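Residues per chain, in single letters:
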Amino acid sequence: MIIKKLSLYNFKNHSEKKFEFSPQINCFVGNNGAGKTNILDALHYLSVGKSFLGNTDLNNILKDEDFFTIDAEIQSEDHEDNIKILQPKEAKKVIKKNDKSYDRMADHIGYLPSVMISPYDSNLISDSGESRRKFLDSMISQTDSEYLFDLIQYQKTIQQRNALLKYFAKNRVWDKDSLEIYDDPISKFGTKIFEKRRTFVEKLNPIVQNFYQIISGGKETVSVIYESHLLNDSFENLLKESLERDRMLTYTSKGIHKDDLLFEMDSILIKKIGSQGQQKSFLISLKLAQMSLIKELTNKTPILLLDDIFDKLDDHRVSQLIELVNQENFGQIFITDTHRERTESVVKKINEESIIFEI
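- As recorded in an unreviewed UniProt entry, the protein chain goes by the name DNA replication and repair protein RecF, listed as coming from Chryseobacterium tagetis.
- Looking at the protein chain in UniProt, the text filed under Sequence similarities (unreviewed entry) is "Belongs to the RecF family."
- Recorded under Function (unreviewed entry), the UniProt text for the protein chain is reproduced unchanged: "The RecF protein is involved in DNA metabolism; it is required for DNA replication and normal SOS inducibility. RecF binds preferentially to single-stranded, linear DNA. It also seems to bind ATP."

Rendered as structure tokens:
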């Protein structure tokens, strides 16, 4: 999949911007605050329908404007598609493919897979399990069209169950039968999600380990381990056994919404013993593994978005990353940087067609 053209209207700090891209390497260079990362965020929108920075859609509308639009021409092997994202201030976001709106957001996810490597990746190590669950869900959603649908249904049902638990507590009533109505859908969707997460991580882990050895050359061994309540029990049993606890807490305390990924080095959490350099090497390995696995499972080459990595990584790791990207034939690449000369030097090493845009 190749993004041929991109048009932005009222998106973040860009009132109007148009680009015609190289099928291989595209670089955005300029001062901090010029809006380079915002262009990568627009490309991320094309892939998964939302900002990678976590901003709400309405906050991405240019100040004092009533909407933003992201419009792109995308070339696949045998045809060309138009993807358009429209976010009005007073209405829901619309995503269209060839002028036809999607019935479900989940139907678009996976059409244009992408992987982002950015300074914010360090949050995956330092933050709570929620950020790692979102990362895992984002990866799987790009390879499995039904996964996101199942996840949305699960989350809706958990919210309804939690609302009922809070209602019981507030009104000092209890109706076990009403609560058990949610057990079946929670178990059905939750178990499907669990199985897909477990299988995905089992495939991901050895790829991460391989890339880490290449990048770091270190003797230590890293691992990505899936942690879930369902590893040791069925969902039905979990709900029954935690019923009284849920009643006291007024929320569902066990389930796949509490899953986590453990990032370990020599069987110890990497955030506890990994140096800054080791953590950076691990994160690059994780993202390259994500890219490799998406490519393997979908037969689509994801676009690679590299945000400001040359300011955050030392020359050795940048060289290793570029060399791996070149060897793995990772497809279309988008890079942001503040120094044109540095970008040109790096791009020459990849030996592919490139365009540098001054922002």
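## Topic: the packing of helix α6 (residues 183-216) against helix α10 (residues 276-298)
(1) Moving on: Between α6 and α10, whose axes approach to 7 Å, the crossing angle comes to 130 degrees. By the angle between their axes, α6 is oblique relative to α10. Remark: the crossing between α6 and α10 carries right-handed chirality. Only Q278, S281, F282, I284, S285, L286, L288, A289, Q290, S292, L293 and L297 of α10 make contact with α6, whose side of the interface consists of F200, K203, L204, I207, V208, F211, Y212, I215 and S216.
(2) Moving on: Residues belonging to the contact of α6 with α10 are distributed by class as follows: 14 nonpolar, 6 polar and 1 charged.

## Overview of helix α13 (residues 340-350)
(1) Moving on: Within α13 the residues assigned to the buried category are T343, V346, V347 and I350. Down the axis of α13, the smallest arc covering the buried residues is 100 degrees, so these residues share one side. In this structure, α13 carries E341, K348 and K349 as exposed residues pointing more than 90 degrees from its buried face.

## Things to note about the sheet that holds strand β12 (residues 303-307)
(1) Moving on: Taken together, 5 strands build an open sheet; the order of strands is β8-β12-β13-β3-β14 and the sheet is parallel. Each of the sheet's edge strands pairs with one partner strand only, and the pair in question is β8 (114-117) and β14 (354-358). On average, each strand axis in the sheet is tilted by 15 degrees relative to the strand beside it, whichever way the strands run.
(2) Moving on: Across 5 bridges, strand β3 (residues 25-29) lies against β14 in parallel orientation.

## Focus: the pairing of strand β6 (residues 94-97)
(1) Moving on: Note: strand β5 (residues 80-88) against β6, 4 bridges, orientation antiparallel. Looking across to β6, one finds that I85 is bridged to I95.
(2) Moving on: For β6 and strand β7 (residues 100-101), the ladder comprises 2 bridges, and the chain directions are antiparallel. Among the inter-strand pairings, K97 is bridged to a residue of β7, identified as K100.

## Details of the sheet that holds β5
(1) Moving on: A sheet is described by the order of its strands in space; here 6 strands give the open sequence β2-β1-β4-β5-β6-β7, paired in antiparallel fashion. A strand with exactly one partner marks an edge of an open sheet, and here the two such strands are β2 (14-20) and β7.
(2) Moving on: Set on the sheet, helix α1 (residues 36-48) makes contact with β1 (2-11), β2, β4 (67-75) and β5; between it and β1 the angle comes to about 115 degrees.

Calculation rules
- Residues numbered from 1 in each chain as written.
- Predicted model: local features only at pLDDT ≥ 70, side-chain atom pairs only at ≥ 80, totals over all residues.
- Heavy atoms only, no water.
- UniProt positions renumbered as here; feature names shortened; annotations may be inferred.
- Axes fitted to C-alpha atoms, helices over the stretch in contact; angles between N-to-C directions.
- Helix = DSSP H or I, 4+ residues; strand = E, 2+ residues; numbered from the N terminus.
- Parallel < 35°, antiparallel > 145°, perpendicular 65-115°, else oblique.
- Left-handed = near helix turned anticlockwise from the far one by under 90°.
- Contact = heavy atoms within 4.5 Å.
- Nonpolar A, V, L, I, M, F, W, Y, C, P; charged D, E, K, R; others polar.
- Buried < 20%, exposed > 50% of the residue type's maximum accessible area, 1.4 Å probe, protein only.
- Arc of directions from axis to C-beta.
- Pairing = 2+ DSSP bridges.

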